Each structure stands twice: as C-alpha cells, then as structure tokens.
Amino acid sequence: MVVPADVVSAAKRGDYHSLLLLEAWLTRVPPPDPNEPYGRKSLLMHSAWAGRLGAMRLLLAHGASTAATNADGSNSLHFAAFYHHQKSAKNRDEAIALLLDHSVDINATSRSGSTPLIVVVGAFSAARLLVSRGADLAARDVYGQDAEAVADSVRVFFRKKS
C-alpha cells in the first residue's frame, strides 16, 4: 500500500489536525503498514527528522518499527540525531530518548559508516544522551573517523569561517 503524500505531510507537521489525519490513516480497516516507506524514509523517519514527538508516539503505538532502515542503512535514530540542524535541542533530545526507550539500535551503522553518535557531533546534550545510553565511542565511519575526530573537524571548519 502506498503512503499518501498528505499522511507524510501530517507526520512531518505534527500539529493537532495533522495528528488526527495520521491517526485516521493508521486506524483504517484493514490497517496500513506504518513501516511502508515514502520516498527513502519511513513515516517514523520523517517524523524523527522533523522532531514531531506526537507523530512519533502515534506511529510507535501503531507498530512503527525502530529497526527499519532506509537504502543507506540509516534508522530513525540517525534522522532524530540529524534533527539538531533544524530546530530546538529539547525536541531533538526528547525524540532521541523516545526512540531509545523503544529499543532503537543505538549503534546502527549507515553505508557510510555513520552511527547516530557520529551524526550528532556538535550537539553536546544529544551526544551525552547517546553515550549515557551505550553509544559506541570507538565506532568509525568509512573514512576511519570516530565521533571525536568528526567533532574536531566540525570545530576546525567553524573556526575557519569566523
């Protein structure tokens, strides 16, 4: 079953009316598969990237899988970790914690070797949360860099720009 574009938009927006639309779609008979991808991401990945906690909770309650990955091997935690580039740190950290509470693979590795901890460098509170919950500090991407090396590269980049 194809996920309608308005359902994907609802998962990204997360406002009251969007959550009603998302819930109506999830409770249809026969029930749809909340893990059906739309584009390259599942609805949970779309919601995690947008930091929409209400939509994430609704999708998880209706069977969305934290184990689902996209073609690159990224899971919903990668998308929640990337969220720090978009909005508030509080939402990002709550989205990460919500996924961790639902047994997401904290050390999932994308094809480029990135783990959620490597993705979140530069966001101290999120990195601390991942490390406190068991993120592998020794994990390296395909370039041989661990989270600390990536963080150093980010710091050097921003020092050069200022």
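Look up a bit, the structure's there.
Note that the structure is predicted; figures quoted are calculated from it, not measured.

1. Examining the environment of Ser-112
Thought 1: Mapped onto the secondary structure, Ser-112 falls in the loop between helix H6 (89-101) and helix H7 (116-119).
Thought 2: Note: C-alpha distance between Ser-112 and Thr-69 (43 residues apart in sequence) is 14 Å.
Thought 3: The residues touching Ser-112, leaving out its near neighbours within four places in the chain, are Asp-72, Asp-141 and Val-142.

2. Some remarks on the packing of helix H1 (residues 5-13) against helix H2 (residues 16-26)
Thought 1: It is the contact of H1 with H2, at a shortest axis distance of 8 Å, that shows an interaxial angle of 130 degrees. With respect to H2, the element H1 is oriented oblique. Crossing angle aside, the handedness with which H1 passes H2 is left-handed. Residues Asp-6, Val-7, Ala-10, Ala-11 and Arg-13 of H1 lie in contact with H2, whose contacting residues are Ser-18, Leu-21, Leu-22 and Trp-25.
Thought 2: Per-class residue counts for the contact of H1 with H2 are 6 nonpolar, 1 polar and 2 charged.

3. Here's the deal with the nonpolar core
Thought 1: Leu-22, Leu-43 and Leu-130 are the most contacted members of the largest nonpolar core, which totals 45 residues.
Thought 2: Apart from residues no more than four positions distant in its own chain, Leu-130 is found in contact with Leu-77, Ile-96, Leu-100, Ile-106, Pro-116, Leu-117, Val-120 and Ala-135.

4. Details of the side chain of Ser-74
Thought 1: Looking at the element boundaries, Ser-74 is found in the loop between helix H4 (53-61) and helix H5 (76-82).
Thought 2: Overall, the relative accessible area of 8% leaves Ser-74 in the buried class.
Thought 3: Engagement of the side chain of Ser-74 in a polar contact is seen with the side chain of Asp-72, the distance being 3.3 Å.
Thought 4: Other than its neighbours up to four places away in sequence, Ser-74 contacts Met-45, Ala-68, Thr-69, Phe-79 and Ser-110.

5. Observations concerning the pattern of salt bridges
If charged atoms from side chains of opposite charge come close, those side chains can pair.
Thought 1: The tally for this structure, following the rule as stated, stands at 4 salt bridges.
Thought 2: Lys-90 is the partner of Glu-94 in a salt bridge, and the nearest nitrogen-oxygen pair spans 2.8 Å. With Glu-94 and Lys-90 both in helix H6, this residue pair falls 4 residues apart, about one helical turn.
Thought 3: Note on Lys-90: relative accessible area 57%, which makes it exposed.
Thought 4: Here Arg-133 makes a salt bridge to Asp-101, at a shortest N to O gap of 2.6 Å. Taken together, the residues span a long stretch of sequence, with Arg-133 in the loop between helix H8 (124-132) and helix H9 (147-161) and Asp-101 in helix H6 at a distance of 32 residues.

Conventions and cut-offs
Here, residues in each chain are numbered from 1, in the same order as that chain's written sequence. Note on the predicted model: pLDDT of at least 70 is required for a residue's local features to be given, and 80 or more for side-chain atom pairs to be given and counted; whole-chain, interface and lining totals, by contrast, use all residues. Here the side-chain values reflect all heavy atoms present in the structure, with hydrogen atoms and water set aside. The helix count covers DSSP runs of H or I at least four residues long, the strand count covers runs of E at least two residues long, and both are numbered beginning at the N terminus. Here, residues are in contact when the closest pair of their heavy atoms is within 4.5 Å. Simply put, an axis is a line fit to the C-alpha atoms, just over the touching stretch for a helix, and the angle between two N-to-C directions goes from 0 to 180 degrees. For classification purposes, an angle smaller than 35 degrees is called roughly parallel, one larger than 145 roughly antiparallel, one from 65 to 115 roughly perpendicular, and anything else oblique. Helix crossings are classified by the rotation of the near helix relative to the far one: an anticlockwise turn of less than a right angle makes the crossing left-handed, while a clockwise turn makes it right-handed. Polar here means any residue other than Ala, Val, Leu, Ile, Met, Phe, Trp, Tyr, Cys and Pro, which are nonpolar, and Asp, Glu, Lys and Arg, which are charged; Gly is therefore polar. By convention a nonpolar core is built from buried Ala, Val, Leu, Ile, Met, Phe, Trp, Tyr and Cys residues, the set being connected through side-chain atoms within 4.5 Å. Three labels apply to residues, based on accessible area from a 1.4 Å probe with only protein chains included: buried if under 20% of the type maximum, exposed if over 50%, partly exposed otherwise in between. Residues adjacent in sequence count toward polar contacts only when both atoms are side-chain atoms; beyond that, a polar contact is any pair of N or O atoms within 3.5 Å, and within protein one must be able to donate a hydrogen and the other to accept it. The working definition used for a salt bridge is a side-chain nitrogen of Lys or Arg within 4 Å of a carboxyl oxygen of Asp or Glu.

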